[in-house]
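The chain contents come next:
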Amino acid sequence: MGVTQKVIHDEYIEQLWYMKEQGEISIDFLKSAMPESFDEKVIEELFNFGLIDLSQNALIIKLTESGEAQARQLIRAHRLAERLIADVLGGGGDDLEKIACEFEHTVSGELVNSICTLLGHPKECPHGMPIPEGECCKLALKTELSLIVPLADLKLGESARIAYINCRNDQQIHKLEGLCIRPGVLVKLHQNYPTYVIECEGASIALDKEVIANICVWKNSMPAVEGANSKISDKKNNVKGLSKFFHLFKK
Amino acid sequence: MSIGFVGIQPPKKNANVMNDKIVSPSCLPDMNNLKKVAIIGLPNTGKTQIFNNLTGEYNIVANYPGTTIEMKRTVTRIEDQYYQIIDTPGLHCLYIHSEEEMAVRDMILSERPDIIVQCIDSSQYKQSFLLTAELLELETPMVLVLNAIDETARKGIWIDSVELERMLGIPVVESIALRGLGKEELKDAISRARQSTLDVKYGFQIESAINELTSALPFDLDFKHKIASLYLLNDPFVEKFLQKKYDAEKVLHVRTVFNKIRRQIKGNIRQGINDKRSQWVNNVTAAVVKKNRVVYKGFSHHFTNATRHPILGIPIFLFFMAIVYLSVVYVSGAIDKFITFAAVKPVTGFINSWSLPVFWNDLLIGPHGILTLGLFNAIGTVLPILSVFFFIFGCFEDSGYITNFTVLSKRIFEKIGIPGNAITSLVLGFGCKTMATLSTRQLTIYKEKFIAVFLIAFAIPCSAQLSISMAILARVGLSAFLIVLGVLIISEMGAGLILNKIIKGKSESSYIQVIPQMRFPSMRAVFIKTYYRIVSFLKEALPIFILSAAGLFIFDKVGLLNMTKQALTPMVVGWMGLPKDIIDVFLLALARREAAAGLILKMVDSGALNYIQSIVAVVVTTISFPCVANIIAIGKEMGWKTAVAMTTLIFAASFLLVGALNWILVLVVH
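If you're wondering where the values come from, they're calculated on a predicted model, not measured in any experiment.

Right, let's talk about the sheet that holds strand β8 (residues 215-218) of chain A for a bit. With antiparallel pairing, seven strands are arranged side by side in an open sheet as β3(A)-β8(A)-β4(A)-β5(A)-β6(A)-β7(A)-β9(B). Whereas interior strands pair on both sides, the edge strands pair on one side only; in this sheet they are β3 (148-150) of chain A together with β9 (512-515) of chain B. Between one strand and the next, the sheet's axes are offset by a mean angle of 45 degrees, whatever the strand orientation. Across three bridges, strand β4 (residues 159-165) of chain A lies against β8(A) in antiparallel orientation. Counted as the bridge partner of A:I165 is A:I215 from β8(A).

Dropping the structure here:
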């Protein structure tokens, strides 16, 4: 199987994963989602590889177990790449999508896990979509090199900038947002026993272990600078370099 | 209704209470022409103080989030216009987390206030501006109040209120509400209230989604834009709000359109909306807020940190408790002695000198006389103790200690099934159990709420009981005080542990609590608060003291009292080891706790109760059964079945517990 063919298959499998996230299973939906590139032949190939299940006269399309495993890896790589570019390198917009798309087809599972660890096992991509969990997340691996660490791991009195908040509970995230606990904001850890107390935008806020575990911060944040995301402008230049780096991977 | 201390204040039926200071009967305002002004803001930003300043009324204010539990309304006149001012409980954002906040949002959405006054704690301006961004979407004339501007200055922050006013296009006033500053400016601002010219733009994708959903909403609905955006955020209560007003078909239509839009939008709407709002706030603050680079944090900052430090916090807590104990015992003891010497003795002597017939003499100053057991008991014995306690508790409330204490004690409370969010309610139980029960409304998980309500009703003494019990036990000895304290703590924790095991259900609420910085309480504010609490005690309790004394007197004269005593002897004397006369106390306790406790105090003084009996008597009056107001509050929050079941359970448990305590003490002492 050639590289291009694999890339095409991957695109279909990814699309089927998105459909699964939205609870869609009809082949018509798939067609409308990829209006230009839809090809019956690819569906046949995927079916022959055992990656998809077709039923009801090929009107209903679903990933098989092995198809789902493959899609999982792809989505994971894609969304982690987005996180890496958005958080570490300060890229955004078109860069994000383009690089992530190239990235997902080329990297190995191990490298994906390393990036995940480096970023402190994020659970959502910059667009707020869930990143499938990997082995490294279950073990909550940490390394010296991790750029992003849980807020609870800071030393007392240490300040850091919030990188992202891993939280699927809408009510909780709205409450945190209302208190200005959001990405880009500088917080200081005041106390970790009997419960956690942080300082954020002039307010002292007490948090449970369960809540603070969701908040991840930059390990070596710059000292207090007014305005969020002030690091980003320095990072923009790195994006092109990174793009080249991924091209190397391709070869 | 704010946290009151003495009993329950029945919610006023007539919401439009006239403020008689301003409105004279001859010029009653036209009710239809009344403009509604809602005071809205984050918790603990001084809304009630502003309300008090505006209306000239008094409602309890304190330095912890959640002082105000229910909305309060009053009509007042500003220049020539009559306004209905509405004080509300704290609101984090219009996306709702709890029933308490829902009441505020429902009020806004269904009553459509004409003017919204947002109260802002200027030291937490960013959090407040996030709420401002949301309130602007309501397209209602607004006024911003930058409150506690003195504390902000001390923190090295300066907010350019003139520039803010220009930028937002709405009146902005500075205020130090606690000292009554900024009141006139606010009145003036209310008459100039306007809609803002600077609202948040959410970008093309989200705005068009909001517009599409807006056109699907029933056309006579107010605040369509805001409701549509809440819908997009998946707010769990907004659909319920629609269901209340419209038939199922219309609601279903909205849901179908919503589902369609939801599928079209890529990415996370919540994040998109929050990012834009946050950007808006950053733009505003960048233009109007200036900060010093070097700021001395000050004593209160360090002291606040120390009060919740796992080690330093404990001696501070003990120190505060010692202050409460010593002042309740000694200061009120001195006042008591003075009143006895200056009023009670002379009056008794004077009445004795009339040589009235026995019946009349007994009615006035006999053992069940309306003066002895009624007036003197209330004013001579109970009132001094209560006033001292009110004063000290008021200092604690205003200092902001209570919330810091919840952080310190969280682990212990969690062991007995009380989550962090409920600790404040429990601590408030030491003020008034009724109010504490009502404040459990903020708890969203049934199990946690049930345990909290039960524990508040069970072994926590309210201000009246606590302070008088302290005085009683101090006369018997410090060891007695410590024994009772131990017994109450053990029974409370035991009850919590058992309930936590028995009741099924997950308890995974998330504890996110803003902690107020402590400040030295303003003596003026504490005196005013104490004064109002004493007045409301006298108004509510004094008639009951006198009536119950008269009731007991008649009960005694017709011989029923003796019969009751005979009937209860095996239980009271046999099982609890108390003298027969303690039944007077129990009967009084049915009417009013403090009256009963006052009588125990007299019995201890006259030597009618020994060491063990005093301890047992105090425990039994503390946990025997909740007062009527508390039972009503339980019924309101949990349903009547539960209220009856809880009361019965508490009664049975206390009966067993007190008997057991008696026998253990007898074994140990002898």
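Here the narrative resumes, following the displayed structure.
Ranked by size, the top nonpolar core spans 105 residues in total, and within it B:I418 and B:I582 carry the most contacts. Once you skip the residues sitting within four places of it in the chain, B:I582 turns out to touch B:V572, B:M603, B:L609 and B:A617. Core analysis: the next-biggest nonpolar cluster, separate from the first, contains 97 residues, A:V211, A:I212, B:I206 and B:I273 among them.

Pairing is possible between side chains of opposite charge, provided their charged atoms come close. Residue and element names in this part refer to chain B. In this structure the tally under the stated criterion is 41 salt bridges over all chains. Residues E163 and R166 are paired through a salt bridge, measuring 2.9 Å at the closest nitrogen-oxygen approach. Here E163 pairs with R166, and both are found in helix α5 (residues 161-168), just three residues apart, close to one helical turn. For E163, a relative accessible area of 22% puts it in the partly exposed group. Ionic pairing is found between K557 and D362, a salt bridge with its closest N-O pair at 3.4 Å.

Moving on to unusual backbone geometry. For the bond running from A:Y193 to A:P194, omega is -5 degrees, close enough to zero to count as cis. Unlike most non-glycine residues, B:N44 shows phi in positive territory, near 60 degrees. With respect to the helices, strands and loops of the structure, B:N44 is situated in the loop between β1 (35-41) and α1 (47-55). On the basis of relative accessibility, which here comes to 24%, the residue B:N44 falls in the partly exposed class.

This part takes up the packing of helix α3 (residues 125-136) of chain B against helix α11 (residues 269-288) of chain B. How two helices sit against one another is set out by the angle between their axes and by the gap between those axes. All names here are of chain B. Between α3 and α11, whose axes approach to 9 Å, the crossing angle comes to 120 degrees. One element, α3, and the other, α11, form an angle in the oblique class. Of the two elements, α3 crosses α11, and the hand of that crossing is right-handed. When α3 is examined against α11, the residues Y125, K126, F129, L130, T132, A133, E134 and L136 are found in contact with a partner set consisting of R277, S278, W280, V281, N282, V284 and T285. Of the residues assigned to the contact of α3 with α11, the class counts are eight nonpolar, four polar and three charged.

Right, let's talk about the domain arrangement of chain B for a bit. Often the size quoted for an interface is simply the accessible area lost on bringing the parts together. Segmentation of chain B into domains returns domain 1 (25-191), domain 2 (204-291) and domain 3 (323-348 + 370-503 + 523-669). Relative to domain 3 of chain B, the C-alpha centre of domain 2 of chain B lies at a distance of 49 Å.

Moving on, we get to the sheet that holds β1(B). Residue and element names in this part refer to chain B. Sheet architecture is open: six strands sit in the order β2-β3-β1-β4-β5-β7, paired in mixed fashion. Every other strand in the sheet has two partners, leaving β2 (72-78) and β7 (172-174) as the edge strands with one partner each. Going across the sheet, the axis of each strand differs from the next one's by a mean of 25 degrees, ignoring polarity. With five bridges connecting them, β1 and strand β3 (residues 81-87) associate as parallel partners.

It is worth spelling out the interface of chain B and chain A at this point. Taken together, the contact pairs 42 residues of chain B with 39 residues of chain A. Interface of chain B and chain A: buried area, both sides summed, is about 3700 Å²; carbon and sulfur atoms make up 51% of it. Taken together, the links from chain B to chain A amount to five salt bridges. One salt bridge in this structure joins B:K410 and A:D208, with 2.6 Å as the shortest N-O distance. At the level of secondary structure, the elements contributing two or more residues to the side of chain B that touches chain A comprise α3, α11, α12 (298-307), α16 (401-415) and β9 of chain B. Element by element, the count of residues in the side of chain B that touches chain A is highest for α11(B), at six residues. Looking at side-chain class alone, the side of chain B that touches chain A contains 13 nonpolar, 18 polar and eleven charged residues. Pairing of strand β7 (residues 203-207) of chain A with β9(B) involves four bridges; the strand directions are antiparallel. In the sheet register, A:L207 faces β9(B), and the bridge partner there is B:I512.

Residue and element names in this part refer to chain B. Mapped onto the elements, T88 comes out in the loop between β3 and α2 (99-111). For T88, a relative accessible area of 0% puts it in the buried group. At 2.6 Å, the side chain of T88 forms a polar contact with the backbone oxygen of I39.

Reading guide: rules and limits
- Residues numbered from 1 in each chain as written.
- Chains lettered and ligands numbered in written order.
- Predicted model: local features only at pLDDT ≥ 70, side-chain atom pairs only at ≥ 80, totals over all residues.
- Heavy atoms only, no water.
- Pairing = 2+ DSSP bridges.
- Helix = DSSP H or I, 4+ residues; strand = E, 2+ residues; numbered from the N terminus.
- Axes fitted to C-alpha atoms, helices over the stretch in contact; angles between N-to-C directions.
- Core = buried A, V, L, I, M, F, W, Y, C linked by side-chain atoms within 4.5 Å.
- Buried < 20%, exposed > 50% of the residue type's maximum accessible area, 1.4 Å probe, protein only.
- Contact = heavy atoms within 4.5 Å.
- Salt bridge = Lys/Arg side-chain N within 4 Å of Asp/Glu carboxyl O.
- Parallel < 35°, antiparallel > 145°, perpendicular 65-115°, else oblique.
- Left-handed = near helix turned anticlockwise from the far one by under 90°.
- Nonpolar A, V, L, I, M, F, W, Y, C, P; charged D, E, K, R; others polar.
- Domains from an automatic or database assignment.
- Buried area = accessible area lost by both parts, 1.4 Å probe.
- Polar contact = N/O pair within 3.5 Å; in protein donor to acceptor, adjacent residues only side chain to side chain.

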